[in-house]
Amino acid sequence: MKLSVRMVALAAVLATAACAPQTSGTSSSDKDEKTGTLRVWLFQEVNNKPKEQAVDSVLAAFEKAHEGAEVTVEYIPVETRAQRIKAAFNDPKSAPDLVEYGNTDTAGYVRDGGLADVTEEFEAWEETEDTDPTARQSVTVDGKVYGAPYFVGVRALYYRTDVFEELGLDVPRTQAELISTAKKIRAAKPGMYGIAVGGAYTYGAMPFIWAHGGELATGKGGSYASAIDGADARKGIEAYTSLFGDDNCPAAKCAGMGGNDTVTAFASGKAAMAIGGDFSHAAVEAGKVKGKYAVVPLPGVEPGSIAPAFAGGNNLGVLKSTSHRTLAVDLMKRLASKEAQGELFEGMGFLPTFSDVRRRAAEEEPFVKPFVETLAAGTKFVPASPAWARIDSSLVLPTMFQEVVSGRKDVATASADAAKKMNEAFGSVG
Amino acid sequence: MERTRTARSTAPAPRTPRGRRPGPAPWLLLAPALVVLGGLLAYPIYQLGLISLFHYTQAQVSGGEPTTFEGLGNYAELFGDDRFWQVLRDTVLFAAACVACTLAVGCALAVLLTRVRAVPRLALMLAALGAWATPAVTGSTVWLLLFDADFGPVNRVLGLGDHAWTYGRLSAFFLVLLEVVWCSFPFVMVTVYAGIRAVPSEVLEAAALDGASQWRIWRSVLAPMLRPILVVVTIQSVIWDFKVFTQIYVMTNGGGIAGQNLVLNVYAYQQAFASSQYSLGAAIGVVMLLILLAVTLVYLRLLRRQGEEL
């Protein structure tokens, strides 16, 4: 009996001693070592070799310039990036010094307190003046800069020139034509998807919503409200989900596909069209369809118009917890420099974030033309709210599309449910 | 049974050196185990319970925002969510099906093991141990490949064309069930087999002489004698299958089309890690812990009532 009393007392002491769950120090590391190992996390792309080569040449120059500094690069899979980066924020000891991150995550990561404010260094960098304004916007939160833009990405319509020629089809000029063309191809070639689409391919679906005049959310600054269940947005969802079915891309296969899956389907010759990014170029070139395809901007609703594309892309950011801040910022600038971005473009087809470098790239490489046209026609961005990371990672939009294409819910119900979840997320961040 | 009872009564009763009153010695001897258990079990559970009472998201963990006390707010949110109840129901049904299939397959094969010659027995043992030793991720990936719509041998053999097994809700659950049973029946089989070997052969001979069928022997002789072993493997299976994560996560790509194949553990993971609502995820964890504790206690109690001891 005595013992159990003692145990209770002990438990009580324990309970009062730790009255709140652990919080890792928000304070940035006060160390700024000039030697040692820098850890870098970059994303693993579908065809990663050229990226590794471009990065390696930067690293060689960096290590030469900083004696005693070493860099280890880890290529992390895009699918698990969210968990990996969060784990890094939670455990500064095992965290990298420099990370690549999707530009949609900027606001969330800043709110989490994970990224270092590099406004001063960024302003002082002589290459900054040529950074294009939308790219700059994507590293900026509340007027402060939290990284350097690494590349911009925009999607357009890939199509098989040989299939179109064989079937005597014209390149679609409206979304209605796109849908009917896709179905014609499927009817003529049952082993092929007319256009490869994916239920989990949010960024391929967004242009359909925007082209019909819909929005994901409306609002400014901190407060957003979902607009995904608006009448125009619903028309876009209707158009996109009409592409799932045995007459184009069977739901049983396509409902679970993401962006990379659709590009892989196109590259391996299983699809006559796909919505792919400029960054998919290398993967498609490495596939079976090399030399048998072309790219045009994704058509809008009106003939000749271009559907507003999602202005994606990645940034490089220094973690707040780094103990090598000076070195990490220098490496960030080197990796995101005009020269390195030019090399990355040559290897991977990733569009540079500097207007002048991009212009030069377009002159050298006619392939970039439809993407630069798409950028020029006006792009859109996801709500600049920390809630977006949560909406994205809890699969709100993929769930909505999958509910519709699997016939579980109609567009109105599914979009209303998605809007509810989005508003909850927006509400929780105030 | 009689034999074991007499054996127990003749064994010397455990005595401490200083008579009836136990000194600190037992506690000292237990201390290493208690420290390990406390560190690895009690403390995490305490943290889990603690986190579930706060508003604790990524911003709080990495220090971007202050942590606030919510009381039972996370639980209220959880119990008010239809999705949670649906996932809970799916989990219970799925775990029940998995446990039933695992036990049936495991026991049947254990009996079979005692009936076959050495070479087939060895082959069956090795096959089962292979399944047991396969890491869950590998096993899931291989099963997925077997049932792949385009390249899977199963579709080719059955002539199903390009049928997608993971698209339908039930067919996806069925596929996962196959994998779960495949990787967990060896434990049941080996344990029950060991139990059967310990049953005195004269009892089985007597039953056979009385003309009892194989099924009758199992039901009236083996099962009652193996009861303690069956209880342990059942509880183990319930706990494992209720907590299934890897198979669902890998085979249905994190919960299936529109989350149709979510089970509680994957749901908790989605809430806690993907959506960084650690406190809500912790609340789900606490609820799971309580459910499993309750199931185990009720089960043990029922057995007590029937006069059986473990």
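Residues numbered from 1 in each chain as written. Chains lettered and ligands numbered in written order. Predicted model: local features only at pLDDT ≥ 70, side-chain atom pairs only at ≥ 80, totals over all residues. Heavy atoms only, no water.

**Q** Can you walk me through the interface of chain B and chain A in this structure?
**A** Many structure descriptions define interface size as the accessible area lost when the parts assemble. On the chain A side, the residues contacting the 35 residues of chain B number 34 residues. Summed over both partners, the interface of chain B with chain A buries about 2,800 Å², with 50% contributed by carbon and sulfur atoms. A per-residue breakdown of the area chain B buries against chain A is headed by Ser62(B), Tyr167(B) and Ala258(B), which together make up 20% of the total. Inspection of the chain B/chain A interface yields three residue pairs in polar contact (both at pLDDT 80 or more). Elements that contribute at least two residues to the side of chain B that touches chain A include exactly α2 (25–51), α3 (58–61) and α14 (264–274) of chain B. For the side of chain B that touches chain A, a count of residues per class yields 18 nonpolar, 14 polar and three charged. (Contact = heavy atoms within 4.5 Å. Buried area = accessible area lost by both parts, 1.4 Å probe. Polar contact = N/O pair within 3.5 Å; in protein donor to acceptor, adjacent residues only side chain to side chain. Helix = DSSP H or I, 4+ residues; strand = E, 2+ residues; numbered from the N terminus. Nonpolar A, V, L, I, M, F, W, Y, C, P; charged D, E, K, R; others polar.)

**Q** Just to check I follow, could you spell out the domain arrangement of chain A for this structure?
**A** Residues and elements named next belong to chain A. In terms of domain boundaries, chain A breaks down into domain 1 (6–153 + 311–380) and domain 2 (155–310 + 386–428). Using C-alpha coordinates to define each centre, domain 1 is positioned 28 Å away from domain 2. If you look at the interface, domain 1 gives 28 residues, while domain 2 gives 27 residues. Taken over both partners, the interface formed by domain 1 and domain 2 buries close to 2,300 Å², and the fraction arising from carbon and sulfur atoms is 66%. The largest contributions to the domain 1 side of the interface with domain 2 come from Phe-367, Phe-371 and Lys-380, which together make up 26% of the buried area. Between the two partners, domain 1 and domain 2, sit two salt bridges. Among the salt bridges present, the one from Arg-81 reaches Asp-392, with a minimum N-O distance of 3.7 Å. The interface formed by domain 1 and domain 2 includes four residue pairs in polar contact (both at pLDDT 80 or more). Taken together, the elements giving at least two residues each to the side of domain 1 that touches domain 2 come down to α4 (106–111), β6 (148–153), α15 (338–348), α17 (369–376) and β15 (379–380). Among the elements that make up the side of domain 1 that touches domain 2, the one with the highest residue count is α17 (four residues). (Domains from an automatic or database assignment. Salt bridge = Lys/Arg side-chain N within 4 Å of Asp/Glu carboxyl O.)

**Q** Explain the domain arrangement of chain B here, please?
**A** All names here are of chain B. Its domain assignment divides chain B into domain 1 (44–80 + 277–310) and domain 2 (89–273). On a C-alpha basis, the centres of domain 1 and domain 2 stand 28 Å from each other. At the junction of the two partners, domain 1 supplies 17 residues and domain 2 supplies 16 residues. Here domain 1 meets domain 2 over a buried area of about 1,500 Å², counting both sides, of which 77% is carbon and sulfur. Area buried by domain 1 at its contact with domain 2 is led by Ile-284, Met-288 and Leu-292, which between them contribute 34% of it. Summed over the shared surface of domain 1 and domain 2, the number is zero salt bridges. Inspection of the domain 1/domain 2 interface yields one residue pair in polar contact (both at pLDDT 80 or more). Considering only residue class, the side of domain 1 that touches domain 2 consists of 11 nonpolar, four polar and two charged.

**Q** Explain the pattern of salt bridges to me, please; I cannot follow it from the model alone.
**A** Charged atoms that come close allow side chains of opposite charge to pair. Residues and elements named next belong to chain A. A complete count under the given rule lists 23 salt bridges over all chains for this structure. For the salt bridge of Arg-334 with Asp-330, the shortest nitrogen-to-oxygen distance reads 2.9 Å. Placement of both Arg-334 and Asp-330 in helix α14 (residues 325–335) is noted, with a separation of four residues, approximately one turn of the helix. Of the charged contacts, one joins Asp-356 and Arg-360 as a salt bridge, the two residues approaching to 3.7 Å between their closest N and O atoms. Linking Asp-356 with Arg-360, this pair stays in helix α16 (residues 355–364), spanning four residues, or about one helical turn. The class of Arg-360 is partly exposed, set by a relative accessible area of 46%. Within the structure, one salt-bridge network assembled from shared partners comprises Asp-130, Lys-338, Asp-356 and Arg-360. (Buried < 20%, exposed > 50% of the residue type's maximum accessible area, 1.4 Å probe, protein only.)

**Q** I keep staring at the side chain of Thr131(A) and nothing clicks. Help me out?
**A** When you line up the elements, Thr131(A) lands in the loop between α5 (119–124) and α6 (133–137). If sequence neighbours within four positions are ignored, Thr131(A) has contacts with Phe122(A), Arg136(A), Pro149(A), Thr353(A), Phe354(A) and Ser355(A).

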